[in-house]
Amino acid sequence: MPEPLQSRGLQAYSQTWDLFYSYGDPHPELFVIEDLTIIAGEDVGFAFGLLRIGGSVNPVCRLTLGLQKHVDQWLIRHEHHSSPLTSGQ
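Residues numbered from 1 in each chain as written. Predicted model: local features only at pLDDT ≥ 70, side-chain atom pairs only at ≥ 80, totals over all residues. Heavy atoms only, no water.

If you had to explain the overall build of the protein to someone new, which residues and values would you point to?
A tally of regular secondary structure across the protein gives two helices and four strands. Listed by position from the N terminus, the elements making up the protein come as α-α-β-β-β-β. When the backbone C-alpha atoms are referred to their principal axes, the protein occupies close to 45 × 30 × 30 Å. In the protein, which comprises 89 residues, the proportion classed as buried is 12%. Long-range contacts, defined here as pairs at least 24 residues apart, represent 15% of the contacts in the protein between residues at least 6 apart. Of the roughly 7500 Å² of accessible surface on the protein, 56% is carried by carbon and sulfur atoms. Side-chain charges of the protein comprise 5 positive and 10 negative groups, with the mean position of each set lying 5 Å from the other. (Helix = DSSP H or I, 4+ residues; strand = E, 2+ residues; numbered from the N terminus. Buried < 20%, exposed > 50% of the residue type's maximum accessible area, 1.4 Å probe, protein only. Contact = heavy atoms within 4.5 Å. Areas by Shrake-Rupley, 256 points an atom, 1.4 Å probe, with all protein chains shown as cover. Lys, Arg positive; Asp, Glu negative; His and termini not counted. Charge placed at Lys NZ, Arg CZ, Asp CG, Glu CD.)

Have a look at this one:
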């Protein structure tokens, strides 16, 4: 994961993608979520699933989102990706 470790606000978060987009416009199916589960209350929710990236045949990481409802709109408040280590790493 490139720097920074933490970003606050939309502008700071958007800047974390600058390196990614420097390689060109992504394919429309760059990120594909599988096995999506959503658990939501009145104003807080979680979503998690498996993520395929860049046309990979199999999922390569887990995706977890923490959401909050604000003025009738769901906002992502936390995003986390993780992938398992394979033997020898």
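There is more to say, and it comes next.
Could you give me a rundown of the sheet that holds strand β3 (residues 61-70), with the residues and numbers involved?
Pairing in this open sheet of four strands is antiparallel, and the strands run β1-β2-β3-β4 from one edge to the other. Edge strands, defined here as strands with exactly one partner in the open sheet, are β1 (31-40) and β4 (73-82). Adjacent strand axes in the sheet meet at a mean angle of 25° when their direction is disregarded. Relative to strand β2 (residues 44-53), β1 runs antiparallel, the two sharing eight bridges. (Pairing = 2+ DSSP bridges. Axes fitted to C-alpha atoms, helices over the stretch in contact; angles between N-to-C directions.)

Go over the packing of aromatic side chains with me, naming the residues and quoting the values.
According to the stated counting rule, one finds one aromatic pair in the structure shown. The interplanar angle of 85° and the centroid separation of 6.0 Å between the aromatic rings of W17 and F31 together place this pair among those described as edge-to-face. One end of the pair, W17, is in the loop between α1 (10-15) and α2 (18-21); the other, F31, is in strand β1, and 14 residues separate them in sequence. Look at W17 and you get partly exposed, because its relative accessible area is 24%. With relative accessibility at 39%, the residue F31 sits in the partly exposed group. (Phe/Tyr/Trp six-rings, centres within 6.5 Å; stacked < 30°, edge-to-face > 60°.)

Mind laying out the environment of G54, listing which residues take part and the relevant values?
Counting through the fold element by element, G54 comes out in the loop between β2 and β3. Looking at G54, the relative accessible area reads 54%, which means it is exposed.

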